[in-house]
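# Geometric and topological summary
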Amino acid sequence: MAETDTDAVLERFVSEVPLVVPVVAVWAHGSLALGDFQPGRSDLDLIAVVESPLEGEQMNRLASVHRRLLGEEPAAAKLHCSYMARTALPGAEEDHVTWAHGTMLERPVTPVTRRELLDGGLTLHGPPPAELLPPLACGQLEEFIRRDLAEFWLPATGRPWLWLRDVWVDLGLLVLARATVTLRDGQLITKGEALAELPALGAPADVVRDIRERRYADPEPISHLWRVRRAARARAFVRRGIKRTLATSGNPQESPTGMDEP
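Let me sum up the structure you'll find in this document. (Residues numbered from 1 in each chain as written. Predicted model: local features only at pLDDT ≥ 70, side-chain atom pairs only at ≥ 80, totals over all residues. Heavy atoms only, no water.)

With respect to the helices and strands, Leu-154 occurs in helix H6 (residues 140–156). Overall, Leu-154 belongs to the buried group, its relative accessible area being 1%. Once the C-alpha coordinates of Leu-154 and Ala-130 are considered, the two residues, 24 residues apart in sequence, prove to be 33 Å apart. (Helix = DSSP H or I, 4+ residues; strand = E, 2+ residues; numbered from the N terminus. Buried < 20%, exposed > 50% of the residue type's maximum accessible area, 1.4 Å probe, protein only.)

This is the structure:
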C-alpha cells in the first residue's frame, strides 16, 4: 500500500522528535485511533511521554522540529502533540507543553483523551498506554463531561455570533451527541457515530446533513441567509440538549462563565 501524507509525517515525527527530547512513548488518540480519520480534515492528535518536564532549550529544539515538519510535510499542519512527563502521568487535567496550530502552548490532557488512550490508543513508539497511564477514577470522566458542557458549551450558546462559523456548528452538535452517549451508556463514540445519533436527539435534519457533507464530502459554499438560519437552529438545539443532558445526568448547572473559543 502506498505511503500517505499522514504516514509520512508520523514516521518523521517518531524518528526526529526523540533526537531532541527523551521520548518514552508516542500514542495517537482521537479519530486516528478510533477509526474515523478523514485525511485533510481530521487532526493528528498525539501524546508523547517524555522522561522529565521540558525546559527552555529543549522546547526551542522541539519547536524547530515541528516547524521543519510544518514546512516540509503537508499533513503536519494538522498535527497536535502534548508532551507529558512520565512523573506527571498520574495527574488529572494538568497542563502540559503542547504543539498546536503552529505554536507552543500549554493544555491539559483531559479525561476524555485518557479514556480514549486506555480504550484503544494507537501506539506509535514505546509501550502502550495501559502500561504507563493509570486508570481513571470512578466518575472522573462523567464529572469532566458535565463540567465541560456546563462551563464551556452552555455559555457559548449565549453568544450568537460564534455559531456563524462552521467549526462551532460542527463541534457543538457532535460534542453534545458524544457527551450524551457517554453519560448515558458509558461509551466513547466517534464523530461519525455521533452524526448517526443526532437525529434521535432531535437535531435539525438539514443541519446534520450540512455537518456530514463538510466532514465526508466537498460541499458548495453556503449562502449568508442559510449561515444565519443554521446558526440559530444549531445554537438552540445545543442549548436545549445540554440542559436536558445535564438534568438527566444529575447536574442541572446552567450558567457558569465559559471560554470564547472551541
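Read on, since the account is not over.
Attention now moves to the sheet that holds strand E6 (residues 122–125). Judged by pairing direction, the sheet is mixed, and its six strands sit side by side in the order E5-E4-E3-E2-E1-E6 without closing on themselves. Two strands lie at the open edges of the sheet, namely strand E5 (103–108) and E6, each paired on one side alone. Across the sheet, the mean angle separating the axes of adjacent strands is 30° when strand polarity is ignored. Bridging between strand E2 (residues 44–50) and strand E3 (residues 79–85) involves seven bridges; their strand directions are parallel. Across the sheet, Val-49 pairs through a bridge with Met-84, a residue of E3. Taken strand by strand, helix H4 (residues 111–120) contacts strand E1 (23–29), E2, E3 and E6, and its axis lies near 95° from that of E1. (Pairing = 2+ DSSP bridges. Axes fitted to C-alpha atoms, helices over the stretch in contact; angles between N-to-C directions. Contact = heavy atoms within 4.5 Å.)

With that settled, the discussion passes to the side chain of His-96. Within the secondary structure layout, His-96 lies in strand E4 (residues 95–100). Setting aside residues no more than four positions away along its own chain, His-96 makes contact with Tyr-83, Met-84, Ala-88, Leu-105, Glu-106, Arg-107 and Val-109.

Our next topic: unusual backbone geometry. One non-glycine residue, His-101, lies in the positive phi region at around 55°. The topology assignment puts His-101 in the loop between E4 and E5. On the accessibility criterion, His-101 (60% relative accessible area) is exposed.

Moving on, we come to the pairing of E4. The buried fraction of E4 amounts to five of the six residues, a majority that puts the element mostly inside the structure. Pairing between E3 and E4: three bridges, direction antiparallel. If you follow Ser-82 over to E4, its bridge partner there is Thr-98. The sheet contact formed by E4 and E5 spans six bridges and is antiparallel. Looking at the pairing, Ala-100 lines up with Thr-103 of E5. Count of turn residues in the E4/E5 antiparallel hairpin: two residues, of which His-101 carries a positive phi of about 55°.

Along the chain, the position of Arg-12 falls in helix H1 (residues 5–16). Within the structure, the side chain of Arg-12 is placed 2.8 Å from the side chain of Glu-16, a separation counted as a polar contact. Within polar-contact distance, the side chain of Arg-12 engages the side chain of Glu-73 at 3.3 Å. The residues contacting Arg-12, other than those within four sequence positions of it, are Val-17, Arg-68, Leu-69, Glu-72 and Glu-73. (Polar contact = N/O pair within 3.5 Å; in protein donor to acceptor, adjacent residues only side chain to side chain.)

Moving on: the packing of aromatic side chains. Inspection of every chain in the model, using the stated rule, returns five aromatic pairs. Connected via pairs of aromatic rings, a cluster forms that spans Phe-152, Trp-153, Trp-163 and Trp-168. (Phe/Tyr/Trp six-rings, centres within 6.5 Å; stacked < 30°, edge-to-face > 60°.)

With that out of the way, let us pick up H6. Residues lying three or four places apart along an α-helix face the same way, a consequence of the helix completing one turn every 3.6 residues. Given a rise of 1.5 Å per residue, 17 residues ought to cover 24 Å, and the 23 Å separating the end C-alpha atoms of H6 matches this to within 8%. Maximum bend of H6: about 30°, positioned at Leu-149. For H6, the full list of buried residues reads Gln-140, Leu-141, Phe-144, Ile-145, Arg-146, Leu-149, Ala-150, Phe-152, Trp-153, Leu-154, Pro-155 and Ala-156. Looking at the buried side of H6, the elements it contacts are H4, helix H7 (166–185) and helix H10 (224–248). (Expected span 1.5 Å × (residues − 1). Bend = angle between axes of the 7 residues up to and from the residue.)

Overall, the coordinates contain 21 salt bridges when judged by the stated rule. Residue Glu-16 pairs with Arg-68 through a salt bridge whose shortest N-O separation is 3.1 Å. Taken together, the residues span a long stretch of sequence, with Glu-16 in helix H1 and Arg-68 in helix H3 (residues 56–72) at a distance of 52 residues. On the basis of relative accessibility, which here comes to 15%, the residue Glu-16 falls in the buried class. Its relative accessible area of 36% is what places Arg-68 among the partly exposed residues. A salt bridge links Arg-214 to Asp-170, with the shortest nitrogen-to-oxygen separation between them at 2.5 Å. Taken together, the residues span a long stretch of sequence, with Arg-214 in helix H9 (residues 205–216) and Asp-170 in helix H7 at a distance of 44 residues. You'll find Arg-214 and Asp-170 in the same group, each marked buried. (Salt bridge = Lys/Arg side-chain N within 4 Å of Asp/Glu carboxyl O.)

Any functional reading would require information that these geometric values do not contain.
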